[in-house]
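An overview of the molecular structure
One-letter residues, chain by chain:
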Amino acid sequence: MKILGLSGRLLVCLELLCAIILAACSNADSVTDDSFETKSFGTMDFVRFAGKNKIVTLGSDDEKAKANVKPTMDVALDYEFYLGKNEVTCGDFKFVLKDFADYKGLVDCEVDAFPVVNVSYFDAALFANEMSKKLGYDTAYTYTGATFDEEGCTGLANLKFDPTVEAFRLPTEAEWTYAASIGWNTENAWTSHNTKNSLHEVCTLPESSVGLCDMVGNAMEWVNDWLGSFRDTLVTNYVGTVDGGSLGERVLKGGSYRQEPLAISLVNRGDVYTTTSASRTNYVGFRLAFGRIPDATWFDGTEQHAKTYSFASLVMANAVRSLTKTYKTKFAFRDDITGNLSYIDYSVVGYLVHEIEDTLQVYHPDISPDGMRVAFCTGLEGVSGKSTVYVRDLDDSGTGLVKLDVESAAIPRWRVLENGDTVVVYVSDAGNNKDAGSFAEKSTWQVKFSGGKFGEPRKLFDGAYHGGISDDGKLAVTGARLLRARVANAGSDVFTDAGDTVWYNGEQACNASLSKDGSNRTAFLDFASATGRKFVGEDYDVHERLLVVDSTGKLVKSVAAPSGYTFDHTEWAIGHTSTTPNLLVATLVNSMGVHEKIALIDLASGKVTEILKGEEIWHPSVWVKSTSVIDEDAGLSPDSAGVYFVDQGSATAAGLRTPMELIWKHRDTADLVVLGSSRSQAGIIPGQITNAFAINLSNVPNSLFISDYLLENYILLHVKKVKYLVLSLDIDRWFKVYDNDYDNFFYKEYRNYPGYVYDEDHDYWSDGYPDGLFEMTERAPEADDKQYMPSRGYVDAECVDWAEPTTDYDINWYSQNEALLNGNMQRLLTMIENSAEKGVTVIGIIFPQNPKYRDTESFGRYGLRHVEAENAIKVLEDLQEQFPNFILMDEHRMGKHDYGSDMAFNMDHLCTKGASRLTARLDSLLGTLR
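Counting through the fold element by element, Glu868 comes out in helix H17 (residues 866-882). A C-alpha to C-alpha distance of 59 Å links Glu868 and Asp358, two positions 510 residues apart in sequence. Here Glu868 is in contact with Ile811, Tyr814 and Ser815, once residues within four sequence places are set aside. Side-chain polar atoms of Glu868 contact the backbone nitrogen of Arg865, separated by 2.9 Å.

Attention now goes to the layout of surface pockets. Considered as a void within the structure, the second largest pocket measures approximately 780 Å³ in volume. Residue lining of the second largest pocket: 37 residues in total, with Val117, Asn118, Thr281, Asn282 and Lys434 positioned closest to the centre. Broken down by class, the residue content of the lining of the second largest pocket amounts to 18 nonpolar, nine polar and 10 charged.

In this section: the sheet that holds strand S23 (residues 363-367). Here four strands make up an open sheet; going across it, the order is S23-S24-S25-S26 and the pairing antiparallel. Edge strands, defined here as strands with exactly one partner in the open sheet, are S23 and strand S26 (402-403). As defined by bridge partners, strand S24 (residues 373-377) adjoins strand S25 (residues 389-393) across five bridges and the pair is classed as antiparallel. In the strand pairing of S25, Arg373 is matched with Asp393.

Most of S24 sits inside the fold, with four of its five residues counted as buried. Two elements, S23 and S24, share three bridges in a ladder whose sense is antiparallel. Bridge pairing links Ile367 to Val374 in S24. In this structure, the hairpin formed by S23 and S24 is closed by a connection of five residues, where Gly371 is found at a positive phi of approximately 75°.

Before going further, it helps to examine the packing of helix H16 (residues 818-837) against H17. When two helices pack together, their arrangement is captured by the angle between the axes and the distance separating the axes. Remark: H16 packs on H17, axes separated minimally by 12 Å, with the N-to-C direction vectors making an angle of 15°. As the angle between them shows, H16 and H17 are arranged roughly parallel. For the pair H16 and H17, the crossing hand works out as right-handed. Along the contact surface, H16 presents Leu821, Met825, Leu828, Leu829 and Ile832, while H17 presents Ala872, Val875, Leu876 and Leu879. The residue inventory of the contact of H16 with H17, partitioned by class, reads nine nonpolar, no polar and no charged.

As a further point, take helix H10 (residues 651-665). With 15 residues, H10 ought to run about 21 Å at 1.5 Å a step, and its terminal C-alpha atoms sit 22 Å apart, in line with that. If you look at H10, its biggest bend is around 25°, right at Arg657, and the proline Pro659 turns up within four residues after that. In terms of residue burial, H10 counts as a mostly covered element, since 13 of its 15 residues are buried.

Okay, the side chain of Arg733 next. On the secondary structure map, Arg733 appears in the loop between strand S48 (724-728) and helix H13 (754-761). Comment: no salt bridge for buried Arg733; closest opposite-charge side chain is Asp730, at 4.3 Å. The residues touching Arg733, leaving out its near neighbours within four places in the chain, are Ser677, Arg679, Asn702 and Tyr862.

Here the focus is the pattern of salt bridges. For the coordinates displayed, the defined rule picks out 44 salt bridges. Between Asp99 and Lys134 there is a salt bridge, and its shortest N-O distance comes to 3.7 Å. Of this pair, Asp99 sits in the loop between helix H3 (90-96) and helix H4 (121-134) while Lys134 sits in helix H4, and the two are 35 residues apart along the sequence. Look at Asp99 and you get exposed, because its relative accessible area is 57%. Residue classification places Lys134 among the partly exposed positions, given a relative accessible area of 38%. One salt bridge in this structure joins Arg484 and Asp500, with 2.8 Å as the shortest N-O distance. In this pair, Arg484 is assigned in strand S34 (residues 483-488) and Asp500 in strand S35 (residues 498-502), connecting sequence segments 16 residues apart. Using a relative accessible area of 39% as the deciding quantity, one classes Asp500 as partly exposed. Connected via shared salt-bridge partners are Arg679, Asp730, Asp732, Asp808, Arg861 and Asp908.

The rules we used
- Residues numbered from 1 in each chain as written.
- Predicted model: local features only at pLDDT ≥ 70, side-chain atom pairs only at ≥ 80, totals over all residues.
- Heavy atoms only, no water.
- Helix = DSSP H or I, 4+ residues; strand = E, 2+ residues; numbered from the N terminus.
- Contact = heavy atoms within 4.5 Å.
- Polar contact = N/O pair within 3.5 Å; in protein donor to acceptor, adjacent residues only side chain to side chain.
- 1 Å grid on protein atoms, 1.4 Å probe; cavity = no way out; pocket = protein on both sides within 12 Å on 5 of 7 lines; lining within 4 Å.
- Points joined across faces, edges and corners; volume = space filled by probe spheres on them.
- Nonpolar A, V, L, I, M, F, W, Y, C, P; charged D, E, K, R; others polar.
- Pairing = 2+ DSSP bridges.
- Buried < 20%, exposed > 50% of the residue type's maximum accessible area, 1.4 Å probe, protein only.
- Axes fitted to C-alpha atoms, helices over the stretch in contact; angles between N-to-C directions.
- Parallel < 35°, antiparallel > 145°, perpendicular 65-115°, else oblique.
- Left-handed = near helix turned anticlockwise from the far one by under 90°.
- Expected span 1.5 Å × (residues − 1).
- Bend = angle between axes of the 7 residues up to and from the residue.
- Lys, Arg positive; Asp, Glu negative; His and termini not counted.
- Salt bridge = Lys/Arg side-chain N within 4 Å of Asp/Glu carboxyl O.

Structure follows, in structure tokens:
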């Protein structure tokens, strides 16, 4: 037997070189030396796979496939084994275990010839051992103790599997897949005999070409392997990994009567639920294998799935806001590939997903009421066992991690009590709740969280009600196989006088979540049960419908998943429920079982909006800022009004943050406005102008298209006294275009910032300035340029020298595309014309650059050949004749200016001294105009 870690790959390749050469002459479906003869062991028939050099491919390289089936891995089976012709029947199970005392009274067969289902891996292992003993063989499984409940075996202490023993056992995944791949056909087998929503007798489906039955349908089947990652290599006699990871996950193969043909795949390795050794459900059974496995190869479980994917937001912030009524919306979720907590904040431009790397496995994150923290646990709904609850800050700092120091805690949910205390509600165990006795042994607790610390935990009641507790404390719900509710008796408090009841007619349910708007509705998912199908009025598949019951358990609503998807991990939105009472979040699972997307569900309309895409996204929590939305009939929305910048916003947005505040602050006083680039930003000092009250709205990076947008939608509409518009005419940078976010912030990028969208939605307040907008802008998130408010937008630059006259752009850009400069010239004409209609004089300034540019081929820092620049300036000079409201100030004069080296910051910017000279000349011009 070999246990291989990551370092074992080379060894595997060397050992299997001969096997590769032999296999090269045949494909995975070729089995030239197998006889497929049938042999009876007792009353059960088995098919013999006798040949050596059997090669089977596990997994898939399909980019849309689940992560746990990638990459493909070839397995060589160089031994003989037998596989049960059909699934173990209920009659077989009852007969073989009839003398096993712990199973007396537990096995109830509706039809003996049906496959036995609702069995755990432990049940299957015990059956295999008993079969071996009855036929005189040694046993493949050893253990030191067994635990049972009313359904069967729930645990085998110190369970070990010995592949070297010739005995009955579960087949390995490789054996099962090899046998099933010969003649695999889901469509023919399923449509011929499967009856939707019911089992049937074994071997009523057409036999495969090797004599096996029901590999495709009837019941899904346990195999022997722990769930682990594949490797892109060839492995001999592979038997899985040495353990199933932090949750102890097992592999299931095949399809069941519940599934459509397209959902059944040879490569799939699991169920809708996470599958552990103790899992059981009414569509999972098993078949036996027989024989020893020589020189078995195990993987050590250290293989990690390579992270070759990225998350992608599928919507703009506006789409999120249309559903949540606020940009202040956050999503937190588990990245199931890494196990890490990830989050996205839609009030931050770019909608980047942030992953908090940690060694902790993160399940069921729940964002705190203030949106600043997240609680999570290390255990999973439906999986019994120890779990720990943590709270951490919801940011990239990696700080603020706090552990709840109790024996076990799972599925945390934040709750705010009537006295204002913030608490975390949790359960002692999140396992299957089907058995009433074991469910009652679990309990629900709450603990105060304040000042970054947990308080003293308090037990609320028996039973693990992890689906939520109502605000009034009179209803608690849970769903991990059954939809259970703890309902207060009339006139009583749920904590002291309540009874447990089972809703949904006792049919299978999961992902229960109690609403947070006071309506006490419960959302959940089901397994296409009869009750759900009757309510919906049509058939549907597992998890294909979101269902909602009212506070009494009566079905009131259903929403269908988008075509090609099913739902999982459904939760109500957290936060401002008065404006989002019908909003839920869920993951969307594709036909290959991949939790591919996060979606918001509008219960009122039934609309499902896809928000985020990834490879395996689990357990989303959505938070909506509770104070963010105000009735706009009564005033402005603080969530949007004046929010022209957000955390981690772009440089362009940062450069426009102060100009926007200057507009609103001086809308009634300014009569001169400067628009332009960093040249005018560092070249015009508003405080030194005596013939006008000036504000400098220059921004970086700038283009005429940005300046025109500000002029049309803000300055001409709201700066009431404006008489003069000063424009920086950076003709060497007139290669910029309108339809590009880098050149023109107001092409598309501006929609990432709530303030601009809010203004646009209100027609830029053309009906009049709304009271309070300046104050809200002043209080909105700031950028670094806020320091320039006192100077009214002027940025002083240190006096250094004219730097060397280098060119930072292709000087031939005009000759390559004349339309670029012409497009900018046309935009200037538009600005001049619009200003003329408002009686505004436009003063265009060509700012001085290093005079040594006249000794180069370039007009300035960004090109234009001298003759091209001269022609452009001639056009600008002629505009003065055409437009009486336009004046040209050419301070560069083709390099023949009087701005000395002591007046420069670098090759194309003035310093404070140079700015004083240029401002004085501008002020003198204004004096003549007055």
